[in-house]
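One letter stands for each residue in the lines below.
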Amino acid sequence: MKFVFTSRFFFLLAVGLTLLSLGWINSVALYFTMLYDLALIVAATIDYSLSEKAGAFRVERDLEDRFAMGAENEVTIRIANRSRRAVTFIVKDEYPSRMELLDAREVRLTVPAGRSRAWTYRLLPTARGSYLFGDTAVRFRSRMGLLWRQVIYQTARDVRVYPDIREAKKHELYAHRNRRPEPGLRRMRVRGRGREFESLREFVIGDEIRHISWAATARRGKLITRQYTIERSQNIVVLLDTGRLMTARIGKLTKLDHAINATLSIAYVAAAGGDNIGLVAFSRRVVSYLPPRRGRDQINRVMESLYGIEPQMIEPSYARAFNFFSANCHRRSLVVILTDLVDRDASAELLAHTSRLIPRHLPLIVTIGDTDLGELVRSRPSSAVDVYRQAVAEGILHQREEALARIRHAGGLALDVPAGQLSLTLVNKYLEVKERGLL
């Protein structure tokens, strides 16, 4: 247990030194001054020995097991005073240095005898992954007030930072049947163009002729039409690119972060609709795989698979990813490929493997648009260098659109979406696929 002297001790010591400076020519004054300083040191020693031990207090850190990236997360330090007097504490917590601190790092608390007090501060994680909280350092004032005794309480623990799931939960809420959709979010109609038979009802103007049940019409003597419901337990598999191009930052997040947020959004909505959700994350090799399953437990598995994934400065291998998917997923699926494209070579490899999925599966290629490129193309060049940059940007955008047009022509689906609209657009596309019975 360490200690430091308080301001009271230094004040009394200063008094003794002042007496010494005033009475240095008087041997009697010098003698009494030395006795005074010695008595002060003895008092501090007694004060140290009489002050409470570490076991007289209990210090705990309360925090969630899961932190959300980009959201404020609270950490609470609780101090229980088991001694017979009120004690003043200075508390300093060791939080992960890579998290942004939004409040003061230390605080002074006075805790009455037999009571407890809490201090809460906020942290803002800016990246996913595993983080370590260190121990909590506490200083408390001794009985005479001459010392601060310092104790390190063993509160170290790990915490995992997951993608922020608030947006995903919001999309799930509005995708439920009979819920009013958020502005910009498509309503998920239960009856309509699905393939599973739901019930019979009288024919009304506007119903499709092909849905008329002629057998039921003959029995009842009036036109009867079939109602269909959107199929459940269909497969939705996300192929998540974690390669070099996904390291690019858009705002505070990488493209991979935006793609992970979109993955969680479609996973929540698919689980709410009774569909199976699966995941294949890849770079040069498959780094994570979850076979398609449904239910809330699968959402937790998806989060566990995604929280520690980081983009790598290597080119992705679409061949390995698609071969792995084909070998492990035989049931027809909506295959969402979250990636990015720049040149024709990468596009050609992706399109070659995507085309092989058709018609057994329904592929949906989603590329994350670069707002910087769009702004560069729209801006007025002021120099020859700007003209060159603009020409390169236009070439990249043209190649991207050309690649996406080819997959649409082959019978697949393709989207080029700004990062800020990625989750919403992907969820809308999924709901459209369900409504139209494309899967």
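Cut-off values and rules
- Residues numbered from 1 in each chain as written.
- Predicted model: local features only at pLDDT ≥ 70, side-chain atom pairs only at ≥ 80, totals over all residues.
- Heavy atoms only, no water.
- Helix = DSSP H or I, 4+ residues; strand = E, 2+ residues; numbered from the N terminus.
- Buried < 20%, exposed > 50% of the residue type's maximum accessible area, 1.4 Å probe, protein only.
- Contact = heavy atoms within 4.5 Å.
- Areas by Shrake-Rupley, 256 points an atom, 1.4 Å probe, with all protein chains shown as cover.
- Pairing = 2+ DSSP bridges.
- Axes fitted to C-alpha atoms, helices over the stretch in contact; angles between N-to-C directions.
- Salt bridge = Lys/Arg side-chain N within 4 Å of Asp/Glu carboxyl O.
- Arc of directions from axis to C-beta.
- Expected span 1.5 Å × (residues − 1).

This part takes up the overall build of the chain. Counting secondary structure elements, the chain contains eleven helices and 22 strands. Out of the 439 residues belonging to the chain, those deemed buried represent 46%. Partitioning the intrachain contacts of the chain with sequence separation of at least 6 by distance along the chain shows that 72% fall at a separation of at least 24. When the accessible surface of the chain is summed, it comes to about 22600 Å², and 53% of that surface belongs to carbon and sulfur atoms.

Before going further, it helps to spend a moment on the sheet that holds strand 9 (residues 129-133). Judged by pairing direction, the sheet is mixed, and its three strands sit side by side in the order 3-12-9 without closing on themselves. Across the chains shown, the open sheet's two edge strands, defined by having one partner strand only, are strand 3 (66-68) and strand 9. Within this sheet the neighbouring strands show an average axis-to-axis angle of 35°, counted without direction. Pairing of strand 3 with strand 12 (residues 157-162) involves three bridges; the strand directions are parallel.

Another aspect to go through is the sheet that holds strand 2 (residues 57-63). Sheet strands pair by backbone hydrogen bonding; their relative direction is either parallel or antiparallel. Read across the open sheet, the four strands follow the order 2-4-8-6; overall the sheet is antiparallel. Pairing within the sheet leaves two strands with one partner each, and these edge strands are strand 2 and strand 6 (100-101). With seven bridges connecting them, strand 2 and strand 4 (residues 73-81) associate as antiparallel partners. Considered in strand 4, the bridge of Glu60 is made with Arg78.

This part takes up the pattern of salt bridges. One pass over the full model with this rule turns up 14 salt bridges. Measuring nitrogen to oxygen at the nearest pair gives 2.5 Å for the salt bridge that ties Asp340 to Lys255. Of this pair, Asp340 sits in the loop between strand 20 (333-339) and helix 8 (344-355) while Lys255 sits in helix 5 (residues 255-272); the two residues are 85 residues apart in sequence, bridging distant segments of the chain. What makes Asp340 buried here is its relative accessible area of 3%. Lys255 sits in the buried class, given a relative accessible area of 1%. Here the salt bridges share partners, and the residues they tie into one network are Arg66, Arg160 and Glu304.

Right, let's talk about helix 7 (residues 318-328) for a bit. Turning to helix 7, its buried residues number three or more, namely Tyr318, Ala321, Phe322 and Phe325. Projected down its long axis, helix 7 shows its buried positions confined to an angular sector of 90°, all on one face.

Below, the discussion takes up the pairing of strand 15 (residues 235-241). The element strand 15 is extensively covered by neighbouring structure, given that seven of its seven residues are classed as buried. Summarising the sheet, strand 15 and strand 18 (residues 276-282) pair through seven bridges and their orientation is parallel. Bridge assignment links Asn235 to a residue of strand 18, and that residue is Asn276. Judged from the six bridges that link them, strand 15 and strand 20 form a sheet pairing that is parallel. Paired with Leu240 across the two strands is Leu338, which belongs to strand 20.

The next thing to look at is helix 5. In a regular helix each residue adds 1.5 Å, so 18 residues correspond to 26 Å; helix 5 covers 26 Å between its end C-alpha atoms and thus fits that length. The element helix 5 is largely enclosed, with a buried count of 17 among its 18 residues.

Here the focus is the environment of Val238. Looking at the secondary structure, you find Val238 in strand 15. Taking relative accessible area as the criterion, Val238 reaches 1% and is therefore assigned buried. Once residues within four sequence positions are removed from consideration, Val238 is found in contact with Thr263, Ile266, Ile277, Gly278, Leu279, Val280, Val336 and Leu338.

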